[in-house]
Amino acid sequence: MDKISPKEFLYKQPHYPEAIESDPYYLSVANHLLELWRESNIFSELPESLIKRIAVNITGYLQDIVSDMGLWRSFIDANRKLYCYSIPFHPVGEKYIDYELNHEDIRFLVWYNISMLDNLNRLLYPHDKKVIELSDIWFEYLDSIYEDAPVPDGYNIAMGLEFHDPEDQERIYHLGTWLFLHSYLITPAFALTMQEIMSDKELLESKDISAIQNRIEQAMSENPTGPLALFIPEWLKLIIEGKLSNLKPGNESDEPHPYYSKFIDATGGETIRYFGSYEELNNFLINTLEWRKGEEHLAVLKNSRNIILMVNKTRGMLAARNVAQYISDPLNPFYDEAESKKDSIDLLTVRGKCPVDLLKYACSNGYLQNACFPGSDDYKLIKENWDFIARCYLQQYYRD
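Residues numbered from 1 in each chain as written. Predicted model: local features only at pLDDT ≥ 70, side-chain atom pairs only at ≥ 80, totals over all residues. Heavy atoms only, no water.

(A) Representation of helix α12 (residues 258-267) in the model. By the burial criterion, the buried members of α12 are Y260, F263, I264 and T267. For α12, the arc enclosing every buried residue in end-on projection is 90°, short of the 170-degree limit, so these residues lie on one face. Exposed and facing more than 90 degrees away from the buried side of α12 are P258 and D265. Looking one or two places after α12, you find G268, whose phi comes out positive at around 70°. (Buried < 20%, exposed > 50% of the residue type's maximum accessible area, 1.4 Å probe, protein only. Helix = DSSP H or I, 4+ residues; strand = E, 2+ residues; numbered from the N terminus. Arc of directions from axis to C-beta.)

(B) Quick look at the pairing of strand β2 (residues 305-312). Counting buried positions over the eight residues of β2 gives seven, a clear majority of the element. The pairing of strand β1 (residues 272-277) with β2 spans five bridges and is antiparallel. In the strand pairing of β2, I272 is matched with M310. Relative to strand β3 (residues 316-320), β2 runs antiparallel, the two sharing five bridges. Bridge pairing in β3 links I308 to A320. Remark: three residues form the turn of the hairpin made by β2 and β3, two consecutive strands paired antiparallel. (Pairing = 2+ DSSP bridges.)

(C) Up close: unusual backbone geometry. Note the cis peptide between Y16 and P17, where omega equals 10°. Note that P17 resides in the loop between α1 (6-11) and α2 (23-40). A positive phi angle, near 80°, is found at F89, a position not held by glycine. In this structure, F89 sits in the loop between α4 (71-83) and α5 (103-117).

(D) Representation of the pattern of salt bridges within the structure. Tallying each qualifying case throughout the model produces 18 salt bridges. In this structure, E241 and K237 form a salt bridge, with 2.9 Å as the shortest nitrogen-oxygen distance. Pair noted here: E241 and K237 are both in helix α11 (residues 232-241), with a separation of four residues, about one helical turn. Given a relative accessible area of 29%, E241 falls into the partly exposed group. (Salt bridge = Lys/Arg side-chain N within 4 Å of Asp/Glu carboxyl O.)

(E) Expanded view of the packing of aromatic side chains. Enumeration over the complete set of coordinates arrives at 18 aromatic pairs. With a centroid separation of 4.9 Å and an interplanar angle of 80°, the aromatic rings of F89 and W111 are classed as edge-to-face. Of this pair, F89 sits in the loop between α4 and α5 while W111 sits in helix α5; the two residues are 22 residues apart in sequence, bridging distant segments of the chain. A residue is classified by how much of its surface remains accessible, and F89, at 7% relative accessible area, is buried. The ring of Y99 carries the charged tip of R73 above its face, separated from the ring centre by 4.0 Å. Lying over the aromatic face of F163, K237 brings its terminal NZ or CZ to 4.7 Å of the ring centre. (Phe/Tyr/Trp six-rings, centres within 6.5 Å; stacked < 30°, edge-to-face > 60°. Lys NZ or Arg CZ within 6 Å of the ring centre and 35° of its normal.)

(F) Inspection of the layout of surface pockets at higher detail. The calculated volume of the largest pocket comes to roughly 840 Å³. As for the largest pocket, its lining consists of 28 residues, and the residues nearest its centre are Y11, K12, L181, H182 and T187. Elements with a contribution of two residues or more to the lining of the largest pocket: α1, α3 (48-67), α5, α7 (169-181), α8 (191-198) and α10 (209-222). A total of five residues in the lining of the largest pocket trace back to one element, the largest contributor, which is α7. Considering only residue class, the lining of the largest pocket consists of 15 nonpolar, eight polar and five charged. (1 Å grid on protein atoms, 1.4 Å probe; cavity = no way out; pocket = protein on both sides within 12 Å on 5 of 7 lines; lining within 4 Å. Points joined across faces, edges and corners; volume = space filled by probe spheres on them. Nonpolar A, V, L, I, M, F, W, Y, C, P; charged D, E, K, R; others polar.)

See the structure below:
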């Protein structure tokens, strides 16, 4: 059976294309993880090429914590600042040791890699039995070698860097590029965006390699990435300085948007209104908000149902179609419990399905109460982790 080749392994290393002394050791670790997967018959439906990528990524986690490169440390620190926990989905006990090999880390990474890299398992339940079983097997092996693993010097690319030192800018750019395109933790979340870029028919038909590279570089400079949907400068600042940027919106103008005052006057102070059909929506816009009579406003919403209008004091009005059935707001007469149990997880995982302000309104008020991963009834997991899940799956659609 095929093994992970030295070339495949080296391509994911921060010191690529230069090889270092510890590479053969960690390549053997990745290949042993691959062999353990084969023997286990767990997730046997997954293509071997995918498991190779995941084995290299899990090995990357080991290299990081052995060398204290700082990426995993930054992820844990950011989780604590954002959510007051170490690892999403997994409460940790006294045996959990910060920034070292931990069982919970492997369980998270197995789920994260499979759900981000395999479209058929994109909505994999984080506590799925197969996730736990494979993680247990891999952790047992990694734990047996952890104390004696050699330090991978090539992983210490952030050592000694100063964020604002002009002399370090080239090394910082190299670090940022590796984080975005090749690192074990950040790169998997970019997979769907990469698919979108590579499925651009016009771009591919042009056969212009430089145009494809430019699109990827544009994504690297403009899009957030990784499980927390942080922008690369935010990841770099975390790794180099241990600081997490202020993720709250900046100061907004006190001047209300023209739509806002008229909307809340019409709704008795409410910032949201639900409509069963486009006709109801258009009548509201004409008769209540006094838009021009005799026209079909927001015509893009025609043939839609369960429409929501929502206003923000400074940003104006948003519209969402085909989502009201999922939101258990007492103001919403179109909420459907059966449909909500079946598909409301899509609001947190399908890009473009639900505007950010509406999603945050629903989740922060407990109105997405029936959302859960398929095959589970673990509503508590969504309730406690909705912001992380939205960041991880929605990326730039959540952090605009």
